[in-house]
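# Descriptive analysis of the structure
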Amino acid sequence: VLMLCNQLNMTVLNVAYSGEWSHNINTLQWGVSAQHERINDRISEWEWRDSVGYSLPTRNSDVLELYYNMHSDIRMQSTRLQAYIQDNIHWRTSAGMFSITGGLRAHYWDYNNEFVASPRASFTYLPGWKRNFGFRLAGGLYYQMPFYKELRDTATNADGVTYATLNPNIRAQRTWHVVLGADYYFRLFGRPFKLTAEAYYKRGDRMISYTVDNVRIRYSGRNDSRVRTAGLDLKLYGELVPGADSWISLSLMQSQELIDGSNRGWISRPNEQRYCVSMFFQD
């Protein structure tokens, strides 16, 4: 028997401002935002198993031994401040068209008093010798601040009751990304088509491990893992019907994690999809 009586209420208030300035070959963008969160989380769930000796009788017949019991009443308030600036420069020469984009994103969260800054850059080249080709290279350091469920941990007392707690020492997850891509434009059956290929590699630390239980995602609430992900995406776009895009894609990916304190070594992450084929058609 499984009984759940949980209630999660969230109020998120966000205000943001963004701007843009362009002059000749230069485009500058910037923005700031503030977000306030109020969260009330009440959990009351238990499970009782009465077959094959899962729940054994006790000396006191008035006591019901549960297989699992979890309770919490958490109230949390926090504020996030974010800002970004990005500059794009593009120019054309006899060798082709070039574009460079660089930016910086900053984030502060008063719950753990952490400030992080994420630089990133990308380079695009459209060769003059073959105008139906395009190449791009991008990379950067990315931080992802956790949201409420990612910082929620659990602890079990001597009576076997599990309580949900918050980890005030949680830190933003950190990854390094590099992406290499190419585009090829062509016509087939008198229609425009585009073939896109991207290869990527990501490596991260301070990650928050998680498990998938049916449709529920349970986070560890700790920065307890490292990850590495590599993959290849191939996608073919086409206007089979004028003005309506259709596409088919093939993706290959390997995503692994190394959990602190585990002797299993590198294992597949729950979100890993080794092979994926998808299609979208419009008529």
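Our subject in this report is the structure included herewith. (Residues numbered from 1 in each chain as written. Predicted model: local features only at pLDDT ≥ 70, side-chain atom pairs only at ≥ 80, totals over all residues. Heavy atoms only, no water.)

Attention shifts here to the environment of N14. Along the chain, the position of N14 falls in strand β2 (residues 7-23). Its relative accessible area of 48% is what places N14 among the partly exposed residues. For the pair N14 and D205, spaced 191 residues apart in the sequence, the C-alpha separation amounts to 29 Å. A distance of 3.1 Å separates a polar atom in the side chain of N14 from a polar atom in the side chain of Q35. (Helix = DSSP H or I, 4+ residues; strand = E, 2+ residues; numbered from the N terminus. Buried < 20%, exposed > 50% of the residue type's maximum accessible area, 1.4 Å probe, protein only. Polar contact = N/O pair within 3.5 Å; in protein donor to acceptor, adjacent residues only side chain to side chain.)

Another point: the nonpolar core. Residues M76, W109, Y148, L151 and L166 are the most contacted members of the largest nonpolar core, which totals 15 residues. For this core, the element with the highest residue contribution is strand β4 (residues 68-93), accounting for 3 residues. Among residues more than four places away in sequence, those in contact with Y148 are L8, M10, I39, D41, I74, M76 and L166. (Core = buried A, V, L, I, M, F, W, Y, C linked by side-chain atoms within 4.5 Å. Contact = heavy atoms within 4.5 Å.)

Turning our attention to the environment of A158. Inspection of the secondary structure puts A158 in the loop between β8 (152-156) and β9 (162-166). Residue class for A158 comes out exposed when judged on its relative accessible area of 84%. Between the C-alpha atoms of A158 and W48, which are 110 residues apart in sequence, the distance is 18 Å.

Our next topic: the side chain of N88. Position of N88 relative to the elements: it lies in strand β4. In terms of polar contacts, N88 uses its side chain to reach the side chain of S99, at 3.0 Å. Leaving out residues up to four positions away in the same chain, N88 has contacts with I25, N26, T27, S99, I100 and T101.

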